[in-house]
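Descriptive structure summary
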Amino acid sequence: MADRVTVIGWDGSPLTAAARSALAAATLVAGAGHHLALPEVPPGAERIRLGSVELAARRIAGHRGTAVVLADGDPGFFGVVRTLRAPQHGLEVEVVPAVSSVATAFARAGMPWDDAQIVVAHSRTLRRAVNVCRAHPKVAVLTSPGAGPAELALLLEGVHRTFVICEELGTEREQVTVLTSDKAADHAWRDPNVVIVIGGSAGPVSAAGLGGPGGPGAGGGWIGGRDPGYPPAVRGWALPASAYADGEAARPDRTPAGEGEWAGLRAAQLARLGPRTGDLVWDIGSGSGALAVEAARFGAAVIAVDADPDACDRTTAAARRFGVQLQVVHGRAPYVLENLPEPDVVRIGGGGVPVVSACADRRPERIVTHASTRDEAEAIGRALTEGGYAVECALLQSVELDTHAWSERDRSVVFLLSGVQERREASR
């Protein structure tokens, strides 16, 4: 086992005295090609070009001597330190940190980043990274070959974002480019790079000075990764339908919301969907936008679909009021679903068996819908079963009381159906 392992972060600036001292004593040095070319690397040291960190860790564990690992940026931030410290290698690691590439990228852009989401994009996580970019107004993406700015832009089709692309930070070839996401796929980008994805309420980014207003967290906050004042601090979930109405729709003499807008049903649907950060939710038949907004408040990306243009407008207005990012698509299901990106979970507010079958063909993990009659519920249940889903059905009943007279104000009865993809859930 190596007598001593030092991990040195390098951000392009001259090495610190501690880093130079560790390198001078090294009998093994691991790093990328540009790290191994540093003049401070001892000529007699064994050199490992860092490809697989796992393989390098095994070789370091079997080395008798003093090892140094060089890594770009802060090696403890989505870096090599986690792998080297894994129990199976038994390595005791000392770290000489550097400024992370994310901090450097935001510094080059002249923007605060305490309110930014930070994701890693590689072949297995690219789609989830894109979903975070859909759902949040300020995201830093640590890219990798094959999961870079062009791939991000292609998967964000239909969602307008501004990209700040920082290539080869800390080197003589460093370059910062600002452009809209629809233009990013037209270029070839050098690795390594970091992409800052800005959209919605984070405000514009100036191509001249990269100044911009700095996003919703410009006034300061107290927790990293989000601004507690954005989205608006609303307590609770499954808010009453009136919370998503405005203007004429909020008048007390209006007709009560339909069965699909009932808050109790929405709460049960959200519980079974389980939307989370990195997911893409389809809300088909979005109506007032209540479920779409609440799914987005969980951190999920949401595409809300409705054939009624007024419903699309209501969903857009609700998202704006609650300060969440979502995409609204006007069209009739199932036809409009063909060109949408793959969902993780789907809520169906209407359309019956044809829409359920079309959604099942796209293989989301979960599908949730409702029916007003037992015959309709049985038909939907059969469609889900034939699609490879384990089906659960519950009859939900609710009686709303007028607390002034303690008399019945409204009664709701609905069948709640949920389908869980059996093979995917079993493999998780």
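Residues numbered from 1 in each chain as written. Predicted model: local features only at pLDDT ≥ 70, side-chain atom pairs only at ≥ 80, totals over all residues. Heavy atoms only, no water.

From N to C terminus, the protein chain includes 14 helices and 17 strands. When the 428 residues of the protein chain are sorted by exposure, 48% land in the buried category. Put simply, 63% of the contacts in the protein chain that link residues at least 6 apart link residues at least 24 apart. When the accessible surface of the protein chain is totalled, it reaches about 20200 Å², and 52% of it is carbon and sulfur. (Helix = DSSP H or I, 4+ residues; strand = E, 2+ residues; numbered from the N terminus. Buried < 20%, exposed > 50% of the residue type's maximum accessible area, 1.4 Å probe, protein only. Contact = heavy atoms within 4.5 Å. Areas by Shrake-Rupley, 256 points an atom, 1.4 Å probe, with all protein chains shown as cover.)

Here strand β10 (residues 193-198) lies mainly inside the structure; six of its six residues are buried. Every second residue of β10 is oriented toward a common face, with N193, V195 and V197 on one face and V194, I196 and I198 on the other, all of them buried. Pairing analysis gives five bridges linking strand β7 (residues 138-142) to β10, with the strands arranged antiparallel. What sits directly across from A140, in β10, is I196. (Pairing = 2+ DSSP bridges.)

Counting buried residues along helix α10 (residues 290-297), eight of its eight residues qualify, which places the element largely inside the surrounding structure. The complete set of buried residues in α10 reads A290, L291, A292, V293, E294, A295, A296 and R297. The elements touched by buried residues of α10 are α9 (263-273), β11 (280-284), β12 (301-306), α11 (309-322) and β14 (345-348). Phi for G299, located one or two positions after α10, is positive at around 100 degrees.

With that settled, consider the sheet that holds strand β4 (residues 66-72). Across the sheet, which stays open at both edges, the five strands sit in the order β3-β2-β4-β1-β5 with parallel pairing between neighbours. At either margin of the open sheet sits one strand with a lone partner, and together these are β3 (46-49) and β5 (93-96). With strand direction ignored, the average angle separating the axes of adjacent strands in the sheet is 20 degrees. In the packing of helix α1 (residues 17-24) onto the sheet, the strands contacted are β1 (4-10), β2 (28-31), β4 and β5, and the crossing angle to β1 comes to about 135 degrees. Contacting β1, β2, β3 and β4, helix α3 (residues 53-61) crosses the sheet at an angle of about 160 degrees to β3. (Axes fitted to C-alpha atoms, helices over the stretch in contact; angles between N-to-C directions.)

A separate point is the environment of R4. In this structure, R4 sits in strand β1. By relative accessible area, which is 38% here, R4 ends up partly exposed. In this structure the C-alpha to C-alpha distance between R4 and G65, which are 61 residues apart in sequence, comes to 7.1 Å. Of note is the side chain of R4, whose polar atom sits 3.4 Å from the side chain of E94. (Polar contact = N/O pair within 3.5 Å; in protein donor to acceptor, adjacent residues only side chain to side chain.)

The mixed open sheet is built from five strands, whose spatial order is β6-β7-β10-β8-β9. At either end of the open sheet lies a strand with only one pairing partner, and these are β6 (117-120) and β9 (175-180). For this sheet, the mean angle separating the axes of adjacent strands, direction not counted, is 20 degrees. Alignment of β6 against β7, held across four bridges, turns out to be parallel. The partner of Q117 across the bridge, within β7, is V139.

A few words on the nonpolar core. Membership of the largest hydrophobic core comes to 27 residues, with the highest contact counts inside it found for W282, I284, L337, I348, C359 and I367. For this core, the secondary structure elements donating two or more residues are β11, β12, β14, α12 (352-361), β15 (366-371), α13 (374-386) and β17 (407-421). Ignoring sequence-local partners within four residues, the contact set of W282 consists of I303, L337, L340, P341, P343, V345, V346, R347, C359 and R362. Judged by nonpolar contacts, the second largest core, of 26 residues, contains A290, V293, A304 and V368. (Core = buried A, V, L, I, M, F, W, Y, C linked by side-chain atoms within 4.5 Å.)

Take unusual backbone geometry next. Cis geometry marks the peptide bond from D191 to P192; its omega dihedral reads -5 degrees. Along the chain, the position of P192 falls in the loop between α8 (181-184) and β10. The amide bond that connects A333 to the next residue, P334, takes the cis arrangement and shows omega of 10 degrees. Positionally, P334 belongs in the loop between β13 (327-330) and β14. Even without being a glycine, A238 presents a positive backbone phi close to 50 degrees. If you trace the backbone, A238 turns up in the loop between β10 and α9. The class for A238 is buried, based on a relative accessible area of 18%. For R363, which is not glycine, the phi torsion reads 60 degrees and is therefore positive.

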